[in-house]
Every structure is written in C-alpha cells, then in structure tokens.
Amino acid sequence: MNQSALVRAAVVSPYWTFWESSAGGPALRDDRRRLLSEAIEALGRSSGAGRIEVACEALLDSPEAADAVADDVTGDLDVIVVIICMAAPSTHGLGFLDRFPDVPVVVWAVQRSRNIRAGFDASDITSAGTAVGTPQLTNMLARSGRPHQIVVGALDDAPSHGRVARAVQVAATASALRRARIARVGQPPPGYACVDTDAEALRRATGIELFDVDPADLRRRWCAVDEASTDRLQREAEATAEIAVAWDTAGRRSLAGAAALEALDDELGVTAGAMNCHLPDLRFGNEVGVTPCYGLGRETSRGIPWTCAGDVLTAVAMLVGKRLGGAALYHELEVIDFDTDEVAIANSGEHDLSWCTAGPRPRLQPNPWYTDDPLTGASMWFELPAGPASLIGFTPHSAEPSGYRFIVAEGEITRRSLPESPTVGGVFRFAGEAGVAESWRAWAAAGVNHHSSCSPDHLGADVATVARYLGVGCVQVS
C-alpha cells in the first residue's frame, strides 16, 4: 500500500434527537460526539489508510444541519466515512452525502459495546443501535445505486480498525483515479492499438485526463539536465544498487533521463505516464541515444508509474496496483510452464524498487535488450520476492456499459529463480485449481492486452471495489 498518499476525508455520524428523551437528554449527544472522536482516533492509529487529513467532523442531526456542514467543506474529498452508532432517519446522512455525489462512501457500523449485557433494556436499543441505523442509510444508497463499503465492528476491536482503514484506502484509490493525469510521450508503435484508447472516452468513463507530451519536449529537458543533478542521481543509484554500469556517456545519459522525467512529472502534475521511446527524438537520436528504462522505473518507485510502448491502459492498472499493493511492476506474461502450472514474468527494463523490501540489492546494469545500440541505457535487475501477488489489467471492452473494465488475477510469485532472465521478473502461479492453461486462457479471454501490472498481495476484491466506485467493469480470473 502506498503509505505516502494523503487521504482527505469527511467523517460524519447521523444523530437523532428523538432518542434524547429516553437516553439521558443532552448526555446522549455528548456521548455520540465522544464516540465519533474515538472512532477518528482509532482510524488515525491504523496504518492501513495512509496519512489521513480529516477535512470535516460532525454529527448530522437533521437534513438542514447536514446541508450546513457540507457548505463548510472546502477542497476535494477523497472519501466520506459515515460512522453509524444509532438509529436515525436516512435523510440526516443523505443530506450530506447528496452534496458530494461522486465521493466514495465507507460506512462504519460501530458499537461501543461488544456484547448484549445482562440487563438489556430500552437504553441499549438507543445507545447500541447501529444494527438499525446502518440499513436505514445503506438501503437508500443501494436504491440509488451509489457504491459504498460497509465495515462492522466494536469500537475497541483493532482488526475492525484495520478493515475500515483498508476500505478508506480503496475508496481513496478510486478518487485518485478520477483526478489522475496520465502523460503520454510519443504515440504507441505502429500496430500497437491494443495498448491505446481514446482520450475522451477514457475521461468520460473514469475522469482520467490523458494528455500528450511532445517527445521533443522531453528531449530538450533531457539535454538541459545539469551535472549537479546527474551527480545526485549517481549517488542515489550507488546507495541503492550494485553498480554494473560504467558512468560513461551511456550511464550518465540514463541518469539524466531519470532527472528529466522527474522534473517533467513534478512540473506537469503527472500521476502516471506512458512512453514510446523508439523515436528520433529519444532512443534513435544523437542527443539522447539511450532507452529511458531506468527513469521509468525510478518514477514508478517514487509513486508515479510509467509504462513502455505508450501503454496508457496499463498505466491505469499500475496506478491501482501501486496504491493498493505498494508496488507495481510493468510486465508481460512471457512463457507458460504446463508441467509446473507457472508462467514467467519479464519486461524490457522497467522496475519498481518497492518490491525490494528484503533480500539482495538490485543490480544496475546495461539493458540486455539494447546491447546492439550505439549507446546502451541502464536498467535495474532483481527477482521478485516469493509471496502472494496479483496481476492487474485495464482495457476498453464492448461488454461493459462504461466501455472499460479491469481484469485481476490473484496468485503467487513462486520461489523459482530465473537468474538469466534479462530484466526484472519472476515466476507467477494463478491461485485457481484449474491449471495454468485454463487460468491463462481465462485471463486472455477477459480481454487484457499483452501488458499488465504485478503487485504484492491478493487485491482482487479491492480492485473490484475500485471498479464499482468508478462505474466500470471488473473481471476476476482464478
């Protein structure tokens, strides 16, 4: 999970003055305020939600009050967390939610008590009424088709805090995609229609802005990188990796390319990118003359995923995988092993150092794919660590009302090593019992192109939730 992402949340709780006459009068309101504050504190203590900025915290005791609270909210919200701890008319919560129709909703049905006390009486029905108040609101959300997640738990239950935090992070991922800006440097290579999409169709379906950057602009930035910036990235590389490149023209140009891409991302507010470097302004030109694979991987490691071949679709998949899984490797599924039910993963030189949480240091080397070029650009090499993993794809699809779908397959990176594989990769096994032939067939049949993103952990349910928030399809392959 991308812990650096700041999540801006409104946290509200429906309240009903009707119960004050039977539950201590104003003391009930004071108790609900304390419960709301305690719930926010619990959410803040959980690491699963990233860094949370509470933009709004309020009890909603009428539709008018909810509307007034909404008036005071400034700036974009990533998520609305509704803390439900009592029965209340659905109009109280909807008065706030309806003001922010595109913001994802997480409902936390929370009780302070963990059990039914021996002296259960009318006051318990009031003070622990989340099982009544929750469907009062969620019924109306379901009727209107508004996507939401429900988490249930006691206030002092740490696992439920983690579930709420995860729900918040998933919701915030959907918001991040709606505001994403994907830069495309160069059009895809001729014949690569499978990695492309119409920018306006993508924006209508998801909110994502796809914009073009002239390769000549990147070339100018690349050539303008000063020695101090290149020296800084050289020190960074030496602190990060085993160095198997020479700091000659090719090595220094690879570092300069990474610096140029960092500056472009920061200046243009890029969320993700897609590049075709096989152009006269870049790989085939005298001024640049090297592939930018190291820079693409460095930006992905920084939290701004970049793909090769102008693949804007896999850039979307990588955004989701990076935020939900903490790392996203741009790759292809290369070769099937029918005897072991495995498939080899590799790429053309991209990486994400967030995969390297333990084990040997990565190696910075001349990219083996381009040794016949006059200058061979640098790329990282390491093997993916064994453990649970997910493959994520994104594509236009005729069967989806939105025109788009995610495809996700859970499985594992196995312990099998491919030390002679030229670039970052490993071996993946699908989680299902059907065998690799059927699982890979289902993966291809779902419509994925030949590139996808690989992230740690099992993310199928979370990707499906992001898709529901966005209003696009999702197919899970086992």
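Residues numbered from 1 in each chain as written. Predicted model: local features only at pLDDT ≥ 70, side-chain atom pairs only at ≥ 80, totals over all residues. Heavy atoms only, no water.

(A) The overall build of the protein chain, seen in detail. Helix and strand content of the protein chain: 14 helices and 19 strands. Oriented by its inertia axes, the alpha-carbon framework of the protein chain measures out at about 85 × 50 × 45 Å. Put simply, the protein chain has 478 residues, and 57% of those count as buried. At a minimum sequence separation of 6, the contacts of the protein chain that also span at least 24 residues come to 77%. Counting only carbon and sulfur atoms, one obtains 52% of the accessible surface of the protein chain, whose full area is about 19,100 Å². Distance between charge centroids for the protein chain: 3 Å, based on 41 positive and 61 negative side chains. (Helix = DSSP H or I, 4+ residues; strand = E, 2+ residues; numbered from the N terminus. Buried < 20%, exposed > 50% of the residue type's maximum accessible area, 1.4 Å probe, protein only. Contact = heavy atoms within 4.5 Å. Areas by Shrake-Rupley, 256 points an atom, 1.4 Å probe, with all protein chains shown as cover. Lys, Arg positive; Asp, Glu negative; His and termini not counted. Charge placed at Lys NZ, Arg CZ, Asp CG, Glu CD.)

(B) View of the packing of aromatic side chains. Under the criterion given, the structure shown has seven aromatic pairs. Their ring planes at 80° and their centres at 5.1 Å tell us that Phe18 and Trp19 sit as a pair that is edge-to-face. When its relative accessible area of 18% is taken as the criterion, Trp19 is described as buried. Taking the centre distance of 4.7 Å and the plane angle of 50° together, the rings of Phe394 and Phe406 count as tilted. With a gap of twelve residues between them, Phe394 in strand E15 (residues 387-396) and Phe406 in strand E16 (residues 404-413) connect regions that are remote in the sequence. Note on Phe394: relative accessible area 2%, which makes it buried. Classification of Phe406 as buried rests on a relative accessible area of 1%. Taken together, the ring pairs connect Trp16, Phe18 and Trp19 into an aromatic cluster. (Phe/Tyr/Trp six-rings, centres within 6.5 Å; stacked < 30°, edge-to-face > 60°.)

(C) Expanded view of the environment of Thr249. Within the element layout of this structure, Thr249 appears in helix H10 (residues 249-268). Put simply, Thr249 and Gly377 are 128 residues apart on the chain and 9.5 Å apart in space, counted from C-alpha to C-alpha.

(D) Molecular detail of the nonpolar core. Counting 62 residues, the largest nonpolar core has Ile83 and Phe406 as its most contacted members. Here this core gets nine residues from one element, more than from any other, and that element is helix H6 (residues 158-178). Not counting the four nearest positions on each side in its chain, Ile83 is found in contact with Val11, Val12, Ser13, Pro14, Leu35, Leu36, Ala39, Trp108 and Val110. (Core = buried A, V, L, I, M, F, W, Y, C linked by side-chain atoms within 4.5 Å.)

(E) Quick look at the pattern of salt bridges. Taken as a whole and assessed by the stated rule, the structure comprises 41 salt bridges. Across the salt bridge formed by Asp78 and Arg179, the nearest N and O atoms sit 2.2 Å from each other. Taken together, the residues Asp78 in the loop between helix H2 (63-71) and strand E3 (79-84) and Arg179 in the loop between H6 and strand E6 (181-185) connect sequence positions 101 residues apart. Given the relative accessible area of 8%, Asp78 is considered buried. The partner of Asp281 in a salt bridge is Arg219, and the shortest N-O contact between them spans 2.7 Å. Linking Asp281 in the loop between strand E9 (272-275) and helix H11 (293-302) with Arg219 in helix H8 (residues 215-224), this pair joins segments that are 62 residues apart in sequence. If you follow the salt bridges from partner to partner, you end up with Arg232, Glu236, Glu262, Asp266, Arg298, Glu299 and Arg302 in one network. (Salt bridge = Lys/Arg side-chain N within 4 Å of Asp/Glu carboxyl O.)

(F) Structural detail: the pairing of strand E11 (residues 329-337). In the sheet, E11 pairs with strand E18 (residues 452-456) via three bridges, with the strands oriented antiparallel. Bridge pairing links Leu329 to Cys454 in E18. Where E11 and strand E12 (residues 342-346) come together, four bridges link them in antiparallel fashion. When the bridges of E12 are listed, Glu332 appears paired with Ala346. Where E11 hands over to E12, the hairpin turn is made up of four residues, of which Asp341 adopts a positive phi near 60°. (Pairing = 2+ DSSP bridges.)

(G) Region of the structure containing the packing of H10 against H11. Two elements in contact, H10 and H11, have axes separated by 8 Å at closest approach and are oriented at 45°. Between H10 and H11, the crossing angle belongs to the class labelled oblique. In this structure, H10 crosses over H11, and the sense of that crossing is right-handed. In this structure, H10 contributes Ser254, Leu255, Ala258, Leu261, Glu262, Asp265 and Asp266 to the contact, and H11 contributes Tyr294, Gly295, Leu296, Arg298, Glu299 and Arg302. In terms of residue class, the contact of H10 with H11 is made up of five nonpolar, two polar and six charged. (Axes fitted to C-alpha atoms, helices over the stretch in contact; angles between N-to-C directions. Parallel < 35°, antiparallel > 145°, perpendicular 65-115°, else oblique. Left-handed = near helix turned anticlockwise from the far one by under 90°. Nonpolar A, V, L, I, M, F, W, Y, C, P; charged D, E, K, R; others polar.)

All we've got here are geometric facts, nothing functional implied.
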